[in-house]
Amino acid sequence: DAGITQSPRHKVTETGTPVTLRCHQTENHRYMYWYRQDPGHGLRLIHYSYGVKDTDKGEVSDGYSVSRSKTEDFLLTLESATSSQTSVYFCAISGHGQGDYGYTFGSGTRLTVV
Amino acid sequence: EDQVTQSPEALRLQEGESSSLNCSYTVSGLRGLFWYRQDPGKGPEFLFTLYSAGEEKEKERLKATLTKKESFLHITAPKPEDSATYLCAVPPYNTDKLIFGTGTRLQVFP
């Protein structure tokens, strides 16, 4: 989607290896979010950021860490990937934390942990 | 506990056959309810925001309505290109995030 890019789009990794997913935005939005989407569970928030170096946990943050050293980049790291982390990961951005104007989502990263 | 529930999980319609999708929510101090459309292999795309009971918004064949307990997404005379998963979401009180329902997967057949 225009203004937000996720990389990689697809990744296969082995159990126990570290993995970093990247979200890059060109909208200069303050808020950035990482969600995972799984059948039967919908979109669940992992971590979010409300500014450079300001982050907070979501409902499924165990096993994940994030970093935001620049406004435009929000990184999601799986320190030691497990099969339960196989999922589709979406990044979203918003200019307003309450999402009054809706989030803009990236195209997603499909991660498979074998 | 803040919660969003969508029904039905899946809906199959014939082209032109109107229907409604439901989103019920429990959250303290509603500050908005959001509808998104998601096509396979893509991220959700924002459709509407509703803020207060009685509010309605329309976009092409879609009309969203809001009551104090739930929201409906009415689809009038749908076309095959309306096939997608429709998601609703609300922000929990005093937070900068959204919680999503599990969605309704709509299929419209010619």
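Just above sits the structure.
Residues numbered from 1 in each chain as written. Chains lettered and ligands numbered in written order. Predicted model: local features only at pLDDT ≥ 70, side-chain atom pairs only at ≥ 80, totals over all residues. Heavy atoms only, no water.

Q: What's the story with the nonpolar core in this structure? I'm lost.
A: In a soluble, globular protein the nonpolar side chains are often hidden away together inside. One finds L33(B), W35(B), L73(B) and Y86(B) to be the most contacted residues of the largest nonpolar core, which totals 24 residues. Elements supplying a minimum of two residues to this core: β2 (10-14), β3 (19-26), β4 (33-38), β5 (45-50), β7 (62-66), β8 (70-75), β9 (84-90) and β11 (104-109) of chain B. With 4 residues, β9(B) is the largest single contributor of residues to this core. For L33(B), the contacting residues outside a window of four places in its chain are C23(B), Y25(B), F48(B), T49(B), L50(B), L66(B), S71(B), C88(B), A89(B) and V90(B). Membership of the second largest hydrophobic core comes to 19 residues, among which are I4(A), V19(A), I46(A) and A81(A). (Core = buried A, V, L, I, M, F, W, Y, C linked by side-chain atoms within 4.5 Å. Buried < 20%, exposed > 50% of the residue type's maximum accessible area, 1.4 Å probe, protein only. Helix = DSSP H or I, 4+ residues; strand = E, 2+ residues; numbered from the N terminus. Contact = heavy atoms within 4.5 Å.)

Q: Help me out: how do you make sense of the pairing of strand β11 (residues 109-113) of chain A in this one?
A: If a strand is regular, its side chains alternate between the two faces of the sheet. Residue and element names in this part refer to chain A. Of the two faces of β11, only one is covered, namely that formed by T109, L111 and V113; the face formed by R110 and T112 stays uncovered. Pairing of strand β9 (residues 87-94) with β11, which is carried by 3 bridges, proceeds in the antiparallel orientation. Looking at β11, one finds that V88 is bridged to R110. (Pairing = 2+ DSSP bridges.)

Q: Help me understand the pattern of salt bridges, please; the structure alone is not making it clear to me.
A: Side-chain pairs of opposite charge can arise whenever the charged atoms involved come near each other. Residue and element names in this part refer to chain B. Throughout the structure, instances matching the rule amount to 8 salt bridges over all chains. Note that E56 is salt-bridged to K63, the shortest N-O span being 3.8 Å. A salt bridge links R61 to D82, with the nearest nitrogen and oxygen atoms 2.8 Å apart. Here R61, found in the loop between β6 (56-59) and β7, pairs with D82, found in the loop between β8 and β9; they are 21 residues apart in sequence, far enough to count as distant. What makes D82 buried here is its relative accessible area of 5%. (Salt bridge = Lys/Arg side-chain N within 4 Å of Asp/Glu carboxyl O.)

Q: Whenever I open this one, the state of the cysteines confuses me. Can you help?
A: Per the stated rule, a full pass over the model turns up 2 disulfides over all chains. What pairs with C23(A) in a disulfide is C91(A), and their sulfur atoms sit 1.9 Å apart. In this structure, the disulfide formed by C23(A) and C91(A) twists by about -75° around the S-S bond and is classed as left-handed. Here C91(A) lies in strand β9 and C23(A) lies in strand β3 (residues 19-25), a separation of 68 residues in the sequence. You'll find C23(A) and C91(A) in the same group, each marked buried. Each sulfur of the disulfide joining C23(B) and C88(B) lies 1.9 Å from the other. Because the sign of the S-S torsion sets the handedness, a value of about 80° for the bond joining C23(B) and C88(B) places this disulfide among the right-handed ones. Taken as a pair, C23(B) in strand β3 and C88(B) in strand β9 lie far apart in primary sequence, 65 residues in all. (Disulfide = S-S within 2.5 Å.)

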